[in-house]
Every structure is written in structure tokens, then in C-alpha cells.
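# Topology and contacts: notes
So you can see what is in the structure, the chains are spelled out below.
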Amino acid sequence: MTLPVGKVLNDKYTIERVLGKGGFGVTYRALDETSGRYVAVKENYPSGHAQRDASGYVFVNPQSDKHYNWALRHFITEAKMLSRLNHNSIVRGYGAFEQLGTAYFVMEYLEGAPLSSYSPGSLTEEQLRYLLDHLLDALVYLQKHDICHRDIKPANIIIRQDFTPVLIDFGAAKQEVSDETFSLGFMSSGYTPPEQFADNNCLFPSIDVYALGATFYCMITGSPPPPSPARQVNPAHDPYVPLASNPYMTSRYSEQFLRSIDTALVLDRQYRFKNAKEWVRYLKGSFTPRQKPVSHPVSDSGGTLPWDNPGSSPTGGAYTPASGDEIPLSQIVGWVGYIMMAIGAGLLLLIIFSLAGTGGSSSAFDSCLPLAIGLVLIGTVVRLILRHISDNQDE
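Residues numbered from 1 in each chain as written. Predicted model: local features only at pLDDT ≥ 70, side-chain atom pairs only at ≥ 80, totals over all residues. Heavy atoms only, no water.

## Regarding the overall build of the protein chain
When its secondary structure is counted, the protein chain shows ten helices and eleven strands. The proportion of buried residues among the 395 residues of the protein chain is 43%. Considering only residue pairs separated by 6 or more positions, the protein chain has 61% of its internal contacts joining residues 24 or more positions apart. Of the roughly 19,600 Å² that the protein chain leaves accessible, carbon and sulfur atoms contribute 56%. (Helix = DSSP H or I, 4+ residues; strand = E, 2+ residues; numbered from the N terminus. Buried < 20%, exposed > 50% of the residue type's maximum accessible area, 1.4 Å probe, protein only. Contact = heavy atoms within 4.5 Å. Areas by Shrake-Rupley, 256 points an atom, 1.4 Å probe, with all protein chains shown as cover.)

## Some thoughts on the nonpolar core
The biggest cluster of nonpolar side chains holds 79 residues, and the ones touching the most others in it are Leu9, Leu167, Leu212, Phe216, Ile261 and Trp279. Once residues lying within four places of it in the same chain are set aside, the contact partners of Leu212 are Leu132, Leu135, Leu136, Leu139, Ile152 and Trp279. (Core = buried A, V, L, I, M, F, W, Y, C linked by side-chain atoms within 4.5 Å.)

## Observations concerning the confidence of the model for the protein chain
In this model, the protein chain carries an average pLDDT of 81, and 78% of its residues clear a pLDDT of 70 or more. Every residue in residues 296-327 scores below 50 in pLDDT, and together they form 54 contacts with partners more than four places removed in sequence or on other chains. (pLDDT = per-residue confidence, 0-100.)

## Focus on the packing of aromatic side chains
Evaluated as defined, the whole model comprises ten aromatic pairs. Between Tyr130 and Phe163, the aromatic rings sit 6.0 Å apart at their centres with planes inclined by 25 degrees, giving stacked as the arrangement. Within this pair, whereas Tyr130 is found in helix H2 (residues 125-144), its partner Phe163 is found in the loop between strand E10 (157-160) and strand E11 (165-167), the two being separated by 33 residues in sequence. Taking the centre distance of 5.6 Å and the plane angle of 50 degrees together, the rings of Phe273 and Tyr282 count as tilted. Both residues of the pair, Phe273 and Tyr282, count as buried. Members of the aromatic cluster, each reached through a chain of ring pairs, are Phe273, Trp279, Tyr282 and Phe287. The positively charged end of Arg52 is found above the aromatic ring belonging to Tyr45, 4.7 Å away from the centroid. (Phe/Tyr/Trp six-rings, centres within 6.5 Å; stacked < 30°, edge-to-face > 60°. Lys NZ or Arg CZ within 6 Å of the ring centre and 35° of its normal.)

## Comments concerning helix H4 (residues 205-221)
A rise of 1.5 Å per residue sets the reference length of H4, with its 17 residues, at 24 Å; its end C-alpha atoms lie 25 Å apart and thus fit the reference within 8%. Extensive coverage of H4 is indicated by the burial of 16 of its 17 residues. Positive backbone phi, at 100 degrees, marks Gly222, one or two positions downstream of H4. (Expected span 1.5 Å × (residues − 1).)

## Thoughts on the sheet that holds E10
Strand order across the open sheet formed by three strands is E9-E10-E11, with antiparallel pairing between neighbours. The two strands at the open ends of the sheet, each matched to only one other strand, are strand E9 (112-114) and E11. Ignoring which end each strand starts from, the neighbouring axes of this sheet average 30 degrees apart. Against the sheet, H2 contacts E10 and E11, and its axis sits at roughly 30 degrees relative to E11. (Pairing = 2+ DSSP bridges. Axes fitted to C-alpha atoms, helices over the stretch in contact; angles between N-to-C directions.)

## Focus on a nonpolar patch on the surface
A cluster of nonpolar side chains, contributed by Leu349, Ile352 and Phe353, occupies part of the molecular surface with about 350 Å² of accessible area. Take Leu349: it is sitting in helix H9 (residues 329-358). (Patch = residues over 30% accessible without salt bridge, like charges linked within 9 Å, V, L, I, M, F, W, Y side chains within 5 Å. Salt bridge = Lys/Arg side-chain N within 4 Å of Asp/Glu carboxyl O.)

## A word on unusual backbone geometry
Note: most peptide bonds trans; most residues except glycine with negative phi. Positioned with a positive phi, Asn10 is a non-glycine residue whose angle comes to about 55 degrees. Topologically, Asn10 is positioned in the loop between strand E1 (8-9) and strand E2 (13-21). In this structure Asn10 comes out as partly exposed when scored by relative accessible area, which is 35%. The backbone of Phe163 sits at a positive phi, close to 75 degrees, despite the residue not being glycine.

## What to know about the environment of Gln51
For Gln51, the position within the fold is in strand E5 (residues 50-52). For Gln51, a relative accessible area of 39% translates into the label partly exposed. Residues Gln51 and Met1 lie 50 residues apart in sequence; the distance between their C-alpha atoms is 7.9 Å. Aside from chain neighbours lying at most four places away, what touches Gln51 is Tyr45, Tyr57, Val58, Phe59 and Asn61.

## Brief notes about the pattern of salt bridges
Across all of its chains, the model carries ten salt bridges by this definition. For Glu255, the salt bridge is made with Arg259, and the minimal N-O distance between the two is 2.8 Å. Here Arg259 and Glu255 lie together in helix H7 (residues 255-264), a separation of four residues that amounts to about one turn. Accessibility expressed as a relative area gives 12% for Arg259, which makes it buried.

## Here's the deal with the environment of Phe59
With respect to the helices, strands and loops of the structure, Phe59 is situated in strand E6 (residues 58-60). Taking C-alpha positions, Phe59 is 9.8 Å from Tyr45, a pair spaced 14 residues apart along the chain.

## Re the pairing of strand E8 (residues 102-108)
Across the seven residues that make up E8, a large majority, seven, are buried. Relative to E8, strand E4 (residues 38-44) runs antiparallel, the two being bridged by five bridges. Bridging across to E8, Val39 finds its partner in Glu108. In the sheet, strand E7 (residues 93-99) pairs with E8 via six bridges, with the strands oriented antiparallel. Following the sheet pairing, Phe97 is matched in E8 by Tyr104.

Set out below in C-alpha cells:
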């Protein structure tokens, strides 16, 4: 049961219609009579634990009192957290109030459509990159405030009329781990990484990275990736097919863009982008992931996507696994450093043994000594510089 149209809340918000209903609340569009603008008003109304009488007052089932009080505390925490944020790609909060036995949270009303309403494959790479850049910037902002959204998916991203994306529905967001007994348990199939299934209270930024990767995977393929629990059953035969190994995809999108999504969807988070900042740096060419995903053969012999006609693949034949990744320049330089150190050390040992055998010095060995020392020093300096650069990239 929802509030009726025309109901006035807090003496100024007139309910116009229901925008959405979920397990923990109802969201209305309302007119702010004082400013003349539309706002979104979210009501704390956990289904199964609360009921409403004819006047609109919310009362709690006696056996659900503990659950309801926890939900109310979490709701108020969400309102306070969101009201402190100020980013163009994060829905703005205007404050909260208590009335009718529950709480209400007033937010920015967004004119636009959810990303989920866009047809798969309908957006160009330029458009997708525009959306991705804004959303990654929002995640970097959230991480600076130690906030993890934890429920990113196409339905929770609104595209404004000027085409800028906005993250909404922070009901699953957490800013710090508390001692609460109950958990919200938001698990969107295909968008939830393994670490969130293992511990729903974890706050790793990599959670949002995975969900955002799944969101863009869905926007170009038409469906989310296989659920992470199914992918974990047999990691050696992960049903996830890397986009960058799919020639049909690489004919439509750049390899770098596809690889960034693949990296965001790696099961083991130590090889995934650990935060949005790393993803941003990768797209700018200033970051190399610790280990890129391993390509798996594609079972679809036609090379088509769900919305394409059979045989419409530009490749016209079966898929072939992607060739091996290129070797990073830093790794090549590192090998050269090792080789220089090894040659220099070998020369030093040869000089020492030769001097010990002859009982004195010789012009030949004396001339080799600076070279040997130089090789060892240069190789050592190269390794130290590369280690310093690597440590800075990981920060």
C-alpha cells in the first residue's frame, strides 16, 4: 500500500505519483510547494515488516520490531551520507524528516531514462566512453569518501536529457563496517563479484569496479556476464568469454576499451582493477594491470550476438582465441637489467678467481674491472627505478 496522490508530507511535499517500489522502500515524485520544483521522496517501508493504516501511518508487526528498527537506522544513515555528497554523476540528497511513523528522504528528481532502457549495441563506443568516464569519476569521488555503492547496474544509472549519467539508489551503499546483525543482501545476478558473495559487508572498491564492468558488458552484449558463483565452480573453464578475444566485438569496439571491461570482470580481485582510478589510468595508457585475463575459446561458432541475425558476423566464420598479450616495455627493460647484473657479476667472479690463481694483477683483468662494476651498478639502478615506478603505480 502506497501513499495516495495529493498527500502532503512535511507541510510542503505533495505526492504526485509512485516512481518505484522495492523491498525496503517506496519512491515518489512530489512537488516542493516552497520552491516549485519536483523532487523524489523515498519512504522507509520495508515490506514484510511494516503495514500502513487508512491514514497512511506506518506501524510495525510486533515480531518484526528489531528488523524494522535496523532498517530505519540504515535508511537514515543513507540519507545523511548522500546529503553530504556533491558530484554531478551522483544523485543529490536534500535532507530527511520523520513522519507517519517512519522516515522520508528527499532527493533530486532526475529527468531522464535508466541506462537499462537503452537497446544493447545501440550506443557507439564514443557514447559509452563518455558515460564510462563520468561514472569512473563518480567512483573515484566515492572512494575518496570511503563509500562503496555495492549495487551498480544499468537500472541504477539514470541518463539525463543532456546524456550525462547519474548513479542512484544508494540503499546498499556502505561507508564503514558496523556491528549490525542484519544485512541488506543486495545481490544482482551477474553484477555481484565473488568477494561480495563471500562477505556482504565488505567495502573493497573492486566491488564497484566489477559491477560497472558488468554494466558495460551488458550494454554491448545484451545481457550481464555469467554470475560469479557459476564462474567460480571451475575457474579453469570459466564460462565468461573475454570481449577482447571476440573478433565480432573487436570489429565494433577498440581492443583497449574491451580489455578494460575484461579486466574489470576478472574473478580474482588482485588481478582486477583494484579501484576506479586504476581503470582511468589504464584507459589513458599509464597503467598496466598485474595480469591480464586469460582468453578462453568461444563456443558460439557463428560469432553473432543475441540481437543479430544468424550469419551476420563480420568475420563470417568460427572464432579463434586471441593471440598472447604483448610484453610490456617495463618487463623488457627489467630483463635487460637482470642480464646486465648477471654479466657484471660473472666478470667480477672471473676476475677474482683469475687474480687468485696468478697471485697478482694483469692489465687485461684490470681493464675489465670497471666494465664489470659498471654493469652491476647500471643493472641495479635499472631494477631500483622500475621497482619505484611500480610502487608508485600501486598507490
